[in-house]
Amino acid sequence: MARLDDLLRQMKQQGASDLHLTSGSAPYMRIHGDMVKLNYKSVSAETCQSLIFEILNEKQKELFTEEWDLDLSYPLAGVGRFRVNVFMQRNGISGVFRLIPEEIKTIRELDLPDQLAQLIDASEGLILVTGPTGSGKSTTLSALIHTINHDQRAHIITIEDPIEFVHENQNCLISQRELASHTKSFNAALRAALREDPDIILVGEMRDLETISLAITAAETGHLVFGTLHTNSAIKTVDRVIDVFPEAQQTQIRVMLSESLRGVVAQSLLPRPDHQGRVPAVEILVNIPAVANLIREGKTHQIASVMQTGRAHGMVTFENGVQDLIQKGLVSREDGLSFLRRRSGGKQLTNSTVAATRLTSPAVN
């Protein structure tokens, strides 16, 4: 048993999402979104390296020694899997351990909008799940794949860095591939996947032009493709995909994206009213003909108005999503409005938005 295992078990007991083990500091845990310093003495660089290297194999040690950065997964029976990043900083080696629960929750159990089930009921197209680091993208993707695994009969290939949630075959055959362990790059794995008879492909991270281009091509050729990007709204996601390409190619990419995009799910995490856990605030863009026309014509700034009137098509704006969370008592009105103000860049919210959150607030006895 690795000496770190006790700390990792303590993470689960305290409801922490991350453990930060840093040379020259006491360990920290992120609990319900806040960094909490543990009542431990500072960990020396030598001790920190010894603790971290104890869970690495020889190949991983060599790779870290060469690159000074390393991604891996670490399973701990009875607790879950951990997504681990090891890196160097001024005081020495450090590691961040993200807990990936063993149990995969459903769309409903995660308090995600029911419209997501409608969005993924498709045989082809590109679905992007976006948000900042730590916004729950991987958890949402796991729920979507879990739903497909339960309801459809398909071959699903995932390409991840590292593998996080482990999916057991139900009605689907699921082939999970990990960067460095099973493939040398996202690009190589994605290119090979097209020859492996997939129905659905999940790309853990769309990092560069070639990966994005291959994902769009896969969606165009009759596959349902899931990918992630680090953007904080659905509209910015469309712009980011287009802007990755050289200017001379952007007209062509707008046309390809307008035809292949199925939808965008942007999300962030808000605290529950008792601050014992967090709940996703979600925005959903569905690529209906009106949206496709705006993408093709380079008028993405006009998509917001289509989303505001597109609820019948399964669209959800952050404003509507937060109002629904407040109505269900999953988020306080104060936290909901604070989130919307941050998204508006500190601008004054419209009277209609403030009034709507007041109307949807649950009654207090």
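Keep in mind that what you see is a predicted model, and the values were worked out from it rather than measured. (Residues numbered from 1 in each chain as written. Predicted model: local features only at pLDDT ≥ 70, side-chain atom pairs only at ≥ 80, totals over all residues. Heavy atoms only, no water.)

(A) Summary view of the overall build of the protein. Each helix and strand in the protein was counted, giving 14 helices and 13 strands. Against the compact-globule benchmark of 21 Å for 365 residues, the protein has a radius of gyration of 21 Å, which places it among compact chains. Along the first, second and third principal axes, the C-alpha set of the protein runs to 60 × 60 × 40 Å. Classification of the 365 residues of the protein by burial places 52% in the buried group. Of all intrachain contacts in the protein linking residues separated by at least 6 positions in sequence, the fraction that spans at least 24 positions is 57%. Carbon and sulfur atoms form 47% of the exposed surface of the protein, whose accessible area is close to 17,600 Å². On the protein, the mean spot of the 37 positive side-chain charges and the mean spot of the 43 negative ones are 6 Å from each other. (Helix = DSSP H or I, 4+ residues; strand = E, 2+ residues; numbered from the N terminus. Rg over C-alpha atoms; globule rule 2.2 N^0.38 Å. Buried < 20%, exposed > 50% of the residue type's maximum accessible area, 1.4 Å probe, protein only. Contact = heavy atoms within 4.5 Å. Areas by Shrake-Rupley, 256 points an atom, 1.4 Å probe, with all protein chains shown as cover. Lys, Arg positive; Asp, Glu negative; His and termini not counted. Charge placed at Lys NZ, Arg CZ, Asp CG, Glu CD.)

(B) Layout of helix α5 (residues 137-151). For α5, which comprises 15 residues, the first-to-last C-alpha distance of 21 Å matches the rise-based estimate of 21 Å (1.5 Å per residue) to within 8%. Counting buried positions over the 15 residues of α5 gives 11, a clear majority of the element. (Expected span 1.5 Å × (residues − 1).)

(C) Representation of the sheet that holds strand β2 (residues 28-31) in the model. Read across the open sheet, the six strands follow the order β3-β2-β1-β6-β5-β4; overall the sheet is antiparallel. With partners counted over all chains shown, the strands left at the sheet margins are β3 (34-37) and β4 (69-76), one partner each. The average angle at which neighbouring strand axes cross in this sheet is 20 degrees, direction not considered. Bridge count for strand β5 (residues 80-89) against strand β6 (residues 92-101) is 10 bridges, and the pairing is antiparallel. Bridged to Phe 82 within β6 is Leu 99. Contacting β4, β5 and β6, helix α3 (residues 58-67) crosses the sheet at an angle of about 150 degrees to β4. (Pairing = 2+ DSSP bridges. Axes fitted to C-alpha atoms, helices over the stretch in contact; angles between N-to-C directions.)

(D) Layout of unusual backbone geometry. Here Asp 161 and Pro 162 are connected by a cis peptide whose omega angle stands at -5 degrees. By the secondary structure assignment, Pro 162 is in the loop between β8 (155-160) and β9 (173-178). One non-glycine residue, Trp 68, lies in positive phi territory at about 65 degrees. Note that Trp 68 resides in the loop between α3 and β4.

(E) Focus on the nonpolar core. Ranked by internal contacts, the top residues of the largest apolar core, which has 67 residues, are Leu 126, Phe 226, Leu 257 and Leu 285. The dominant element in this core, judged by the number of residues it contributes, is helix α7 (residues 209-220), at six residues. Counting residues in each nonpolar core, the second largest holds 30 residues, with Ala 2, Leu 7, Leu 38 and Val 84 among its members. (Core = buried A, V, L, I, M, F, W, Y, C linked by side-chain atoms within 4.5 Å.)

(F) Looking closely at the pairing of β8. In terms of burial, β8 is largely enclosed, as six of its six residues are buried. Both faces of β8 are covered, namely the face carrying His 155, Ile 157 and Ile 159 and the face carrying Ile 156, Thr 158 and Glu 160. When β8 meets β9, the two strands line up parallel, connected through six bridges. Across the sheet, the residue bridging to Ile 159 is Arg 177, located in β9.

(G) Focus on the side chain of Thr 147. Along the chain, Thr 147 falls in helix α5. Here Ala 143 takes part through its backbone oxygen, which lies 2.9 Å from a polar atom of the side chain of Thr 147. Setting aside residues up to four positions removed in sequence, Thr 147 forms contacts with Ile 107 and Ile 120. (Polar contact = N/O pair within 3.5 Å; in protein donor to acceptor, adjacent residues only side chain to side chain.)

(H) Molecular detail of the sheet that holds strand β11 (residues 224-229). Strand order in the open sheet formed by seven strands is β9-β8-β10-β11-β7-β12-β13, with mixed pairing between adjacent strands. A single partner strand is all that each edge strand has here, and the edge strands are β9 and β13 (278-286). Across the sheet, the mean angle separating the axes of adjacent strands is 15 degrees when strand polarity is ignored. Of the strand pairs in this sheet, strand β7 (residues 125-130) and strand β12 (residues 261-271) are connected by five bridges, and their pairing is parallel. Along β12, the bridge assignment pairs Leu 128 with Val 264. Across the sheet, α5 touches β7, β8, β9, β10 (200-203), β11 and β12, and the angle it forms with β11 is around 170 degrees. Where helix α6 (residues 186-193) meets the sheet, its contacts fall on β8, β9 and β10, and the angle it forms with β8 comes to roughly 170 degrees.

Purely geometric numbers; function is a separate question.
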